[in-house]
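# Breakdown of the fold
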Amino acid sequence: MAPMINGFDYQRVTVADGVSLHAAVGGSGRPVVLLHGFPQTHLMWRHVAADLAADHTVICPDLRGYGASDKPAATGPEVYAKRTMAADIVALARALGHDRFALAGHDRGALVAVRAGLDHPQAVTHLASLDVLPTLDMWNVMRGTSAAVGFHLYLMAQPPGLPEQLIAGSPDAFFGHFLDIWTRDPDAIPAEVRAAYLTACREAIPSIVADYRASAGIDVEHDAADRAAGHQLRMPVSVLQQDWGAALGSDAAALWRAWAPEVDHRTVSCGHFMAEEAPAEVVKALRALLAR
């Protein structure tokens with residue numbers, strides 16, 4: 001049996017025609033939804049969720065296309081557009097009785113969270129992003145040899161066929177590579193959790209690639225339209241990330257301020273998987289956000 005978040009109940013919730021999300025739900029109080037990143041599942045929030053559940057209803061889903069959630073075929077770019085995935089989350093929260101909720105996302109989940117904040121400001125009360133840049137800005141700053149850090153973005157941006165075939169040739173090596181190089185504390189992801197991540201990714205190659213492919217196309221279009229229209233995140237926003245400004249030669253805080261003028265932007269010293277490497281720091285930041 002795959003590891004679970006202790007003390008949480010597990011549910012399958014229909015969020016769209018033919019699509020149900022697998023979600024762990026625990027605690028009581030003001031709702032907080034936590035969205036996982038790549039190459040992970042909802043399990044990455046196990047420490048943070050348990051802490052927040054002391055005084056919040058905490059909802060941790062597997063995103064569409066990941067983990068034990070449904071993985072519809074990518075019949076068009078909109079199937080894994082962040083707009084579609086964000087609508088899933090709003091529908092999930094509403095089905096569980098919450099029209100308004102705080103939202104935190106890591107990596108891919110953060111991109112979904114930002115899109116939810118832009119598309120559904122009436123539903124998202126607070127927003128936290130862990131260790132990404134907004135999609136439009138990410139592509140704009142990836143250039144020169146420093147862009148090698150994001151080789152997987154370019155691989156999975158290619159038309160259907162080759163990326164899926166290459167990754168399927170050695171999936172554990174591919175997905176395991178990121179679990180290895182993006183963490184500074186290997187003990188933060190114990191063997192049984194790592195195995196669960198690898199199994200989940202191995203079983204979701206087409207949908208994971210489709211998610212990334214959307215971020216090289218339709219997601220950029222949606223972000224560019226919002227930028228042109230002057231749309232911004234008006235709810236309280238916090239960002240935790242590694243020093244991507246130094247790594248990619250940009251002012252990461254300034255990039256975020258263009259989307260969220262009142263953003264609380266903080267640089268962390270841990271690795272990418274901060275909810276597992278530094279859960280106390282993440283919890284502290286989320287509680288500070290929720291108090292705003």
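Okay, so let's go over this structure. (Residues numbered from 1 in each chain as written. Predicted model: local features only at pLDDT ≥ 70, side-chain atom pairs only at ≥ 80, totals over all residues. Heavy atoms only, no water.)

## Considerations on the pairing of strand S3 (residues 30-35)
Counting buried positions over the six residues of S3 gives five, a clear majority of the element. When S3 meets strand S4 (residues 56-61), the two strands line up parallel, connected through four bridges. Across the sheet, the residue bridging to Val32 is Val58, located in S4. For the segment spanning S3, helix H1 (residues 46-52) and S4, crossover handedness is right-handed. Of the strand pairs in this sheet, S3 and strand S5 (residues 101-106) are connected by four bridges, and their pairing is parallel. The residue of S5 that forms the bridge with Val32 is Ala102. (Buried < 20%, exposed > 50% of the residue type's maximum accessible area, 1.4 Å probe, protein only. Helix = DSSP H or I, 4+ residues; strand = E, 2+ residues; numbered from the N terminus. Pairing = 2+ DSSP bridges. Right-handed = clockwise from strand over helix to strand, strands pointing away.)

## Thoughts on the nonpolar core
Core analysis: the biggest nonpolar cluster contains 104 residues, and Leu34 and Trp45 have the highest contact counts within it. When neighbours within four sequence positions are excluded, Leu34 is seen to be in contact with Trp45, Val48, Ala49, Leu52, Val58, Ile59, Cys60, Pro61, Ala104 and Leu286. (Core = buried A, V, L, I, M, F, W, Y, C linked by side-chain atoms within 4.5 Å. Contact = heavy atoms within 4.5 Å.)

## Things to note about the pattern of salt bridges
Considering all chains together, one arrives at 18 salt bridges under this definition. A salt bridge links Arg108 to Asp211, with the shortest nitrogen-to-oxygen separation between them at 3.1 Å. With Arg108 in helix H3 (residues 108-119) and Asp211 in helix H9 (residues 205-214), this residue pair connects regions lying 103 residues apart in the sequence. Overall, Arg108 belongs to the buried group, its relative accessible area being 4%. (Salt bridge = Lys/Arg side-chain N within 4 Å of Asp/Glu carboxyl O.)

## Focus: the side chain of His98
Among the structural elements, His98 can be located in the loop between helix H2 (82-95) and S5. Assessed through its relative accessible area of 17%, His98 is described here as buried. Only 3.5 Å separates the side chain of His98 from the backbone oxygen of Leu96, close enough to count as a polar contact. Filtering out sequence-adjacent residues up to four positions away, His98 remains in contact with Pro31, Thr57, Ile59 and Ala93. (Polar contact = N/O pair within 3.5 Å; in protein donor to acceptor, adjacent residues only side chain to side chain.)

## Re unusual backbone geometry
In this model, Phe38 is joined to Pro39 through a cis peptide bond whose omega is -5°. Tracing the chain through its elements places Pro39 in the loop between S3 and H1. For Asp107, which is not glycine, the phi dihedral falls at a positive 60°. Under the relative-accessibility criterion, Asp107 is labelled buried at 8%.

## Brief notes about helix H10 (residues 218-229)
Its twelve residues place the ends of H10 17 Å apart at the C-alpha level, agreeing with the 16 Å of an ideal helix rising 1.5 Å per residue. For H10, the secondary structure elements touched by its buried residues are H2, H3, helix H4 (135-141) and H9. Directly after H10, the chain includes Gly230, whose backbone phi takes a positive value near 80°. (Expected span 1.5 Å × (residues − 1).)

## A word on the sheet that holds strand S1 (residues 9-16)
A sheet is described by the order of its strands in space; here eight strands give the open sequence S1-S2-S4-S3-S5-S6-S7-S8, paired in mixed fashion. If you trace the sheet from one side to the other, it starts and ends with S1 and strand S8 (264-267), each paired once. Each adjacent strand pair in this sheet contributes to an overall mean axis angle of 20°, direction not counted. Where S1 meets strand S2 (residues 19-26), seven bridges bridge the pair, whose relative direction is antiparallel. Bridge pairing in S2 links Thr14 to Ser20. Here H2 sits on the sheet in contact with S1, S2, S3, S4 and S5, set at roughly 120° to S1. Those strands touched by helix H14 (residues 279-290) are S3, S4, S5, strand S6 (124-130), strand S7 (237-241) and S8, and its axis lies near 155° from that of S6. (Axes fitted to C-alpha atoms, helices over the stretch in contact; angles between N-to-C directions.)

## Some remarks on the packing of aromatic side chains
Scanning all chains against the criterion turns up ten aromatic pairs. Measuring from ring centre to ring centre gives 5.9 Å for Phe38 and Phe175, while their planes differ by 65°; the resulting arrangement is edge-to-face. Linking Phe38 in the loop between S3 and H1 with Phe175 in helix H7 (residues 171-181), this pair joins segments that are 137 residues apart in sequence. The exposure class of Phe38 is buried, given its relative accessible area of 0%. For Phe175, a relative accessible area of 1% gives the class buried. Ring centres of Phe38 and Trp182 lie 6.1 Å apart, and the angle between their planes is 65°; on these two criteria the pair is classed as edge-to-face. Here Phe38 is found in the loop between S3 and H1, whereas its partner Trp182 is found in the loop between H7 and helix H8 (191-202), with 144 residues between them in sequence. Pair check on accessibility: Phe38 and Trp182 agree, each one buried. Three or more aromatic residues joined by ring pairs make a cluster, and in this case those are Phe38, Phe151, Phe174, Phe175, Phe178, Trp182, Tyr212 and Phe273. Above the face of the Tyr212 ring, Arg108 is positioned so that its terminal group lies 3.7 Å from the ring centre. (Phe/Tyr/Trp six-rings, centres within 6.5 Å; stacked < 30°, edge-to-face > 60°. Lys NZ or Arg CZ within 6 Å of the ring centre and 35° of its normal.)

No statement about biological role is implied by the geometric values presented.
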